[in-house]
Each structure stands twice: as C-alpha cells, then as structure tokens.
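# Residue-level structural notes
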Amino acid sequence: MALSKALNGFVPSRRRGSGANSTGSSRYRVANAFGSNIFYGDLVKLDGGFIEPITSAGSYSTGAFQGCEYIDPVTKQPTFSNYYPSGVSSAVGNVTAFVVDDPAATYIVQADASVSVGDINLNFDVTLGAGSAVTGISGFGIIATSRQETTGMVRVLDIYDEPGNAFSDANPKVEVRIVQHVDADVSSHDEN
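### Structural notes on the pattern of salt bridges
Evaluated as defined, the whole model comprises six salt bridges. Where glutamate 175 meets arginine 14, a salt bridge forms, and the shortest distance between an N and an O atom there is 2.7 Å. Residue glutamate 175 is found in strand S13 (residues 173–178), and its partner arginine 14 is found in strand S1 (residues 11–15); the two are separated by 161 residues along the sequence. Of the residues examined, arginine 14 reaches a relative accessible area of 25% and is grouped as partly exposed. Where arginine 27 meets glutamate 69, a salt bridge forms, and the shortest distance between an N and an O atom there is 3.2 Å. Of this pair, arginine 27 sits in strand S2 (residues 26–30) while glutamate 69 sits in strand S5 (residues 63–71), and the two are 42 residues apart along the sequence. Glutamate 69 gets classed as buried once you look at its relative accessible area, which sits at 18%.

### A short note on the packing of aromatic side chains
Applying the stated criterion across every chain yields a total of three aromatic pairs. On the numbers, 6.0 Å between centres and 80° between planes, the contact of phenylalanine 10 with tyrosine 107 is edge-to-face. A residue pair is termed long-range when its members are at least 10 positions apart, and phenylalanine 10 in the segment before S1 and tyrosine 107 in strand S8 (residues 105–110) qualify at 97 residues. Residues phenylalanine 10 and tyrosine 107 agree in their burial class; the two are buried. A ring pair is formed by phenylalanine 39 and tyrosine 83, whose centres lie 5.3 Å apart and whose planes are at 15°; its orientation type is stacked. Highlighted residues: phenylalanine 39 in the loop between S2 and strand S3 (43–47) and tyrosine 83 in the loop between strand S6 (78–81) and strand S7 (95–100), separated in sequence by 44 residues. In terms of burial, phenylalanine 39 and tyrosine 83 fall into one category: buried.

### Considering the pairing of S7
Buried residues dominate S7, accounting for six of its six residues. Every second residue of S7 is oriented toward a common face, with Val95, Ala97 and Val99 on one face and Thr96, Phe98 and Val100 on the other, all of them buried. Relative to S7, S5 runs antiparallel, the two sharing five bridges. Paired with glutamate 69 across the two strands is threonine 96, which belongs to S7.

### So, the environment of valine 117
By secondary structure assignment, the location of valine 117 is in the loop between S8 and strand S9 (123–124). Valine 117 gets classed as exposed once you look at its relative accessible area, which sits at 59%. Between the C-alpha atoms of valine 117 and alanine 144, which are 27 residues apart in sequence, the distance is 13 Å.

### Some words on the sheet that holds S9
Pairing within the open sheet is antiparallel, and its five strands lie in the order S1-S8-S13-S12-S9. Each end of this open sheet is capped by a strand with a single partner; those strands are S1 and S9.

### So, the nonpolar core
Core analysis: the largest hydrophobic core is formed by 23 residues, its most contacted members being Phe10, Leu43, Tyr107, Ile142, Val154, Val174 and Val176. Looking at this core, the elements that each hand over two or more residues are S8, strand S11 (139–142), strand S12 (154–159) and S13. Among all residues touching valine 154, those that are not within four sequence positions of it are Phe10, Leu122, Asn123, Phe124, Val126, Ile142, Val176, Arg177, Ile178 and Val179. In terms of nonpolar packing, the next biggest core, distinct from the first, is built from 14 residues, Phe34, Val44, Tyr84 and Val88 among them.

### Some words on the pairing of strand S4 (residues 50–53)
Both S3 and S4 contribute to a ladder of four bridges, which runs antiparallel. The partner of lysine 45 across the bridge, within S4, is glutamate 52. In this antiparallel pair of consecutive strands, S3 and S4, the connection spans two residues, and glycine 48 shows a positive phi of 65°.

Cut-offs applied
- Residues numbered from 1 in each chain as written.
- Predicted model: local features only at pLDDT ≥ 70, side-chain atom pairs only at ≥ 80, totals over all residues.
- Heavy atoms only, no water.
- Salt bridge = Lys/Arg side-chain N within 4 Å of Asp/Glu carboxyl O.
- Helix = DSSP H or I, 4+ residues; strand = E, 2+ residues; numbered from the N terminus.
- Buried < 20%, exposed > 50% of the residue type's maximum accessible area, 1.4 Å probe, protein only.
- Phe/Tyr/Trp six-rings, centres within 6.5 Å; stacked < 30°, edge-to-face > 60°.
- Pairing = 2+ DSSP bridges.
- Core = buried A, V, L, I, M, F, W, Y, C linked by side-chain atoms within 4.5 Å.
- Contact = heavy atoms within 4.5 Å.

So, in structure tokens, the structure goes:
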C-alpha cells in the first residue's frame with residue numbers, strides 16, 4: 001500500500017544496539033528572538049552556542065528537536081511548546097530547547113520518493129521542508145534520489161516495520177541514523 005507523501009521530520013525510534021526509544025534528550029539554548037521556526041522533528045545544529053535548524057546538506061547535526069520551554073514575556077507563565085515560534089523571547093534567560101542528541105539514536109523518517117532494500121546502508125541528504133505552525137511538526141524527510149555510499153546526512157538502516165509500509169511504496173518510512181552527527185566527528189562544527 002503506497003503511503004502518501006506527508007513528511008513529518010525525525011521521530012526518535014531507539015538507541016542503536018538497544019531497545020525501544022527512551023526519549024532521552026538534552027537541554028540547549030535557543031537565542032531569544034531567533035528569526036526562524038524550529039519544528040518538532042527538525043534536525044538542528046549549534047551556531048554560536050545556540051540551537052537552530054540545519055540549513056544545508058553539509059551541516060553537522062546535534063540531533064532532533066523535541067520542543068522547547070520559556071517564560072512567556074507577556075503572561076510571565078512557563079510555556080511548553082513542541083515547536084519554537086519565530087521571534088519568541090523568554091522573559092527570564094533564553095528559550096530552552098530539548099534535543100535528542102545521542103549519536104547512537106535512530107529515527108523514523110519518511111522518504112520523498114521510493115527507496116529499495118538495496119538502499120540499506122546507503123547515505124541520504126535531508127529535505128529541509130517547512131513545518132506546520134498549526135501542529136508544530138517538522139516537514140523534514142529524506143531525499144530518495146540523493147542515495148550515495150560516501151557522504152550524506154543520514155544512513156538508512158531498514159524499513160520501518162508497520163502495516164502498510166514497504167520498500168516498494170512511493171514514500172516509505174525508514175529507520176535511519178545521523179551520519180553527519182557533531183559527536184561522531186573529531187572536528188569542531190559550531191557553524192558561525
């Protein structure tokens with residue numbers, strides 16, 4: 001059964017070599033009044049000590065954004081959101097982002113076109129699709145035509161095992177790990 005194309009970002013699956021997802025995340029900062037939305041499931045990077053979405057296939061990712069918290073500047077109440085709305089500032093300190101940053105984490109993500117069993121262990125670039133300000137969900141996915149053996153943001157590990165999802169589908173969901181993870185490389189990748 002073919003899945004319709006509905007890219008929804010990187011959803012934590014498990015820790016490679018381990019059991020189910022524990023949804024472990026770390027806290028990072030988002031610069032007050034940062035000028036872009038950051039959606040649940042977007043791959044993010046550090047820039048000047050602050051989290052922001054990756055902007056190119058050559059970026060090194062810190063992990064997947066899982067939401068944020070801040071003190072609302074008007075109501076002075078703690079606010080929790082599954083996405084960071086562009087331009088928001090915290091009344092106290094910076095906005096706190098929650099990021100699944102384990103380099104061994106795996107994710108479920110949809111491909112923008114068909115992939116095959118022969119694509120297991122190949123690397124793919126990421127679509128930098130716009131998310132939804134209504135749902136807060138990412139529009140990231142993987143670019144099926146970018147398959148390669150050398151470089152690429154993520155590596156396909158297998159098909160996601162759920163009814164109605166198969167490699168022969170037009171837009172299958174696959175399990176991936178981040179290949180270009182900041183902690184998987186010895187160089188510094190703070191992209192100033």
